[in-house]
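Next come the chains, spelled out residue by residue.
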Amino acid sequence: MRRKNTISELVAVAETRGCSLWQVILEKEERLQGRDRKDIWRTMEKYWAVMKESLDAGLQPGNRSLSGLVGEEGFLLTRYLEKAKPLSGSGSVLAAARAMGVAVVNASQGRIVAAPTAGSCGILPAVLATVAERTGASEEAVIGALFTAAGVGMVIDEQASTAGAKGGCQAECGSASCMAAVAAAEMAGGTPRQAVNAGALALKNFLGLVCDPVAGLVEVPCVKRNAIGAAVALLAADMALAGIESKIPLDEVIQAMKEVGDALPDSLKETSLAGLAATPTAREIEKRIGAGDRGNNHPGLLKV
Amino acid sequence: MSVRSVFEIIGPVMVGPSSSHTAGAVRIGNVARAVLGEEIRRAEITLYGSFAKTYKGHGTDRALVAGLLGMSGDDPGIKDSLNRAAALGLEVQIGLARGEEFHPNTADIELTGVSGKRIFLRGSSVGGGNILITRINQYDLSLTAHEPTLIVEHLDRPGVVGRVAGILGDNGINIAEMRVTRGNLTEDKIMVLETDNQVSDEILVAIARLPNVTAVIRI
């Protein structure tokens, strides 16, 4: 059996060769897939193009999910940013707005890129777009950052999980925030060591986060967890770039995430049996948007 | 789990909100369309389990109908599939079942084609966009439709299996997996063949012309 990959191994290779994490990960992809580097790069470019489309679509006014539970959060936050001086910094507010926008595109049956999942799809594109803007990074640097993020996600998926049904929301939004933090720190000029420190700082903050979607839909609280996941990634990257280290290395944080995920009861792993999904308000919502009520959609076509 | 590619983490490009309730549902629709094999006039869909409970918020009905219309799981048109179906004169009826006897994400699809041909299919979405078809017409089976798949309906007579395999072999098509199942009548039978490459129209016609073969479906 193939030995599992670790973060420390990725960092060691990058440090020995004096290169970026994304280069190590891209070369590994070439070896694993036996695919031409340019071809792999082009695929990632296509995915970034879809991410950008979803970022744009997400901030339009009038967005609404299929259930109507979520919609204009991203738009509201960007409008607020135009008028107010945000308490938490314009970068994190913008990233949070973008993350919610993409998550709403997903919830309204629009096209997104799973990163690592559909439920957590807003975090990575929102963070990368925001960092690119603030650092003036090239399109190429963003594609590189996507490889870095993917490489970190591969390790998490191998060592723990990236599925809410297996590990709770820590495995989805937690993983996405961790991946985004590493990619952001590297894009902003951090060393591989600083970058993975950013990932550890971000992920530590999600340990134990449960997956408890209201009415079983990828909307509440998922959309807002995407927002806060993006903001955490940016702050973690800033902290790491300032020279702050995570006392617990990322590999061990990932291990801890697996143990916490295994210890979580099934009721808190995407089954909507506990947590926010079992609150009185959630039960009300469930009743209101229940499957039997189709509102005025397609009268005459659907007979339920 | 062993991850072999960065694109298992970044990707796939998909239409939301959930791979099991959208991408998987589209694929079930795709298979039903292939099984009917002609233009659809009417679709009666029954949803079970989580499909029944959350189809509205997940757009599972739209995804299934998109699949019936031949769309793929990343088609932005999925959202609008019900209107598109209506415009094409495809009548859709959605029913809900409260039974817990099947996998949580299960749909029964009954299709009527332009010629009046009717088919029944039961499929489950089993996670990450993967599906399992467990019934086609009167046959219980277990079909993932991961690989190119050929379904041959035939009478229960000696030699049919050999002749079908022979045609495939003569045309350089390797059979990866094969199962033969009896239906509920006395002499109806079905052969499910997963092949390494897609079977051409000519081969399909040759198999359909074999004695005792009653129908051929390519997925």
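Here, the structure is the one placed above.
Described in the following lines is the structure provided in the data block. Worth saying up front: this structure is predicted, and the values here are computed from it rather than measured.

Basis of the calculations
Residues numbered from 1 in each chain as written. Chains lettered and ligands numbered in written order. Predicted model: local features only at pLDDT ≥ 70, side-chain atom pairs only at ≥ 80, totals over all residues. Heavy atoms only, no water. Disulfide = S-S within 2.5 Å. Buried < 20%, exposed > 50% of the residue type's maximum accessible area, 1.4 Å probe, protein only. Pairing = 2+ DSSP bridges. Helix = DSSP H or I, 4+ residues; strand = E, 2+ residues; numbered from the N terminus. Axes fitted to C-alpha atoms, helices over the stretch in contact; angles between N-to-C directions. Contact = heavy atoms within 4.5 Å. Parallel < 35°, antiparallel > 145°, perpendicular 65-115°, else oblique. Nonpolar A, V, L, I, M, F, W, Y, C, P; charged D, E, K, R; others polar.

So, the state of the cysteines
Here is the idea: a disulfide is a covalent bond, and it sits between the sulfur atoms of two cysteines.
Residues and elements named next belong to chain A.
Next up, step 1: Scanning all chains against the criterion turns up 0 disulfides over all chains.
Next up, step 2: In this structure C169 is a free cysteine whose sulfur lies 3.8 Å from that of C173, the closest cysteine sulfur available.
Next up, step 3: Look at C169 and you get buried, because its relative accessible area is 7%.

Structural notes on the sheet that holds strand β8 (residues 149–155) of chain B
Residue and element names in this part refer to chain B.
Next up, step 1: Pairing within the open sheet is antiparallel, and its 4 strands lie in the order β9-β10-β8-β11. Across the chains shown, the open sheet's two edge strands, defined by having one partner strand only, are β9 (175–182) and β11 (213–218). On average, each strand axis in the sheet is tilted by 15° relative to the strand beside it, whichever way the strands run.
Next up, step 2: Here 7 bridges tie β8 to strand β10 (residues 188–195), and the two strands are oriented antiparallel to one another. Note on β10: the bridge partner recorded for V152 is M191.
Next up, step 3: Sheet contacts for helix α5 (residues 160–170): β8, β9, β10 and β11; angle to β10, the most-contacted strand, approximately 25°.
Next up, step 4: Lying on the sheet, helix α6 (residues 201–208) is in contact with β8 and β11; it crosses β11 at an angle near 160°.

Describing the packing of helix α1 (residues 19–36) of chain B against helix α2 (residues 49–58) of chain B
Residues and elements named next belong to chain B.
Next up, step 1: Closest axis-to-axis distance for the α1/α2 pair is 11 Å, and the angle between their directions is 105°. Put simply, α1 runs roughly perpendicular to α2. Residues S20, H21, T22, A25 and I28 of α1 pack against S50, F51, T54 and H58 of α2.
Next up, step 2: Of the residues contributing to the contact of α1 with α2, the split by class is 3 nonpolar, 6 polar and no charged.

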